[in-house]
Amino acid sequence: MAELVFFSGTMDCGKSTLALQMDHNQSARGRVGLIFTKLDRMGESVLSSRLGLSTPAHEVGDDLDFWEVVVEHLTHGARVDYLICDEAQFYTAAQVEQLARVVDELGIDVNCFGITADFRTELFPGSKRLFELADRVQVLQVPALCWCGERATHNARIIDGVMVVEGEQVVVGDTSGEGGVIDEAHVEYEVLCRRHYMRRMNSHAARLASATPDVLPFDLDVCPVPPRG
Ligand SMILES: [Zn+2]
């Protein structure tokens, strides 16, 4: 039975690397796939991972219809055994519905990879529809780490070093890896544990706090209990 699977996680959890590995494993078995991505960090029509690997891909514009693309391949005699869909958080709800139809009516496996929630902790539109429709949701098990060493579960937007929780969901250049730009300010992202997300304590803020120890109420490590005796 074909399946619609959503591999989800935070930024830096290795989604694109897994997408590339999955394509490699499938094609090594003689299966033929179509690869899609949207706003990849390396530019249009390429799926890249932070580890340096990349492969050509179909760019998903808002008007792309997955159903039509797949049917067109099939009517031209091409084989399609599976789809790899990266950056699926950016897809529209309608596009996720097209992917479900590809699974159900054409019997083709669709593997989607995406970030669950944005920097405001709200679900991306594509991720929301995938949670609703996917046969399986798999949370990626290579955890990204917060600066404190805890498992990172949240994506924080940092503007000129300061964490923000309001603004547009996607800004131009967001996924370039170099960060985007809003009003000449530098926009980047950092993964944090929930505690530090809630406290708005990104690594830059933490460094500032430790450089001025008086802002910390106490630090047990520098106040050891004297041995009794
Ligand atoms: Zn933390």
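Small disclaimer: the values here were computed from a predicted structure and weren't measured. (Residues numbered from 1 in each chain as written. Predicted model: local features only at pLDDT ≥ 70, side-chain atom pairs only at ≥ 80, totals over all residues. Heavy atoms only, no water.)

A. Representation of the UniProt feature "active site" (unreviewed entry) in the protein chain in the model. Here the UniProt feature "active site" (unreviewed entry) sits at Glu 87. Mapped onto the elements of the fold, Glu 87 is located in the loop between strand E6 (82-85) and helix H3 (93-106). Residue classification places Glu 87 among the buried positions, given a relative accessible area of 5%. Sequence-distant contacts of Glu 87, that is, excluding residues within four places in its chain, are made with Ser 16, Thr 37, Lys 38 and Phe 113. (UniProt positions renumbered as here; feature names shortened; annotations may be inferred. Helix = DSSP H or I, 4+ residues; strand = E, 2+ residues; numbered from the N terminus. Buried < 20%, exposed > 50% of the residue type's maximum accessible area, 1.4 Å probe, protein only. Contact = heavy atoms within 4.5 Å.)

B. Molecular detail of the coordination of the zinc ion. Every protein donor of the zinc ion is accounted for by Cys 146 (SG), Cys 148 (SG), Cys 193 (SG) and His 196 (ND1), and the metal-donor separations fall at 2.1 to 2.4 Å. Along the chain, the residues donating to the zinc ion are arranged with the sequence spacing C-x1-C-x44-C-x2-H. Within this pair, whereas Cys 146 is found in the loop between strand E8 (136-139) and strand E9 (154-159), its partner His 196 is found in helix H5 (residues 194-198), the two being separated by 50 residues in sequence. Neither residue differs from the other here; Cys 146 and His 196 are each classed as buried. (Donors = N, O, S within 2.8 Å, 3.2 Å for Na, K, Ca; no water.)

C. Expanded view of the UniProt feature "binding site: substrate" (unreviewed entry) in the protein chain. Residues given the UniProt feature "binding site: substrate" (unreviewed entry) here are Val 170, Val 171, Val 172, Gly 173 and Tyr 189. Of note, Val 170 is situated in the loop between strand E10 (162-164) and strand E11 (180-182). In this view, Val 170 contacts Leu 39, Phe 90, Phe 124 and Arg 157; residues no more than four positions away in its chain are not counted.

D. Representation of helix H4 (residues 125-133) in the model. Among all positions of H4, only Gly 126, Ser 127 and Leu 130 are buried. Axial view of H4: buried residues confined to an arc of 95°, hence all on one face. Buried residues along H4 sit against strand E1 (4-9), H3 and strand E7 (109-115). (Arc of directions from axis to C-beta.)

E. Up close: the side chain of Gln 98. Note on placement: Gln 98 falls in helix H3. Exposure remark for Gln 98: the relative accessible area of 16% places this residue in the buried category. At a separation of 2.9 Å, a polar atom in the side chain of Gln 98 contacts the main-chain amide nitrogen of Phe 66. If near-sequence neighbours (up to four positions away) are discounted, Gln 98 is found in contact with Leu 64, Asp 65, Phe 66 and Trp 67. (Polar contact = N/O pair within 3.5 Å; in protein donor to acceptor, adjacent residues only side chain to side chain.)

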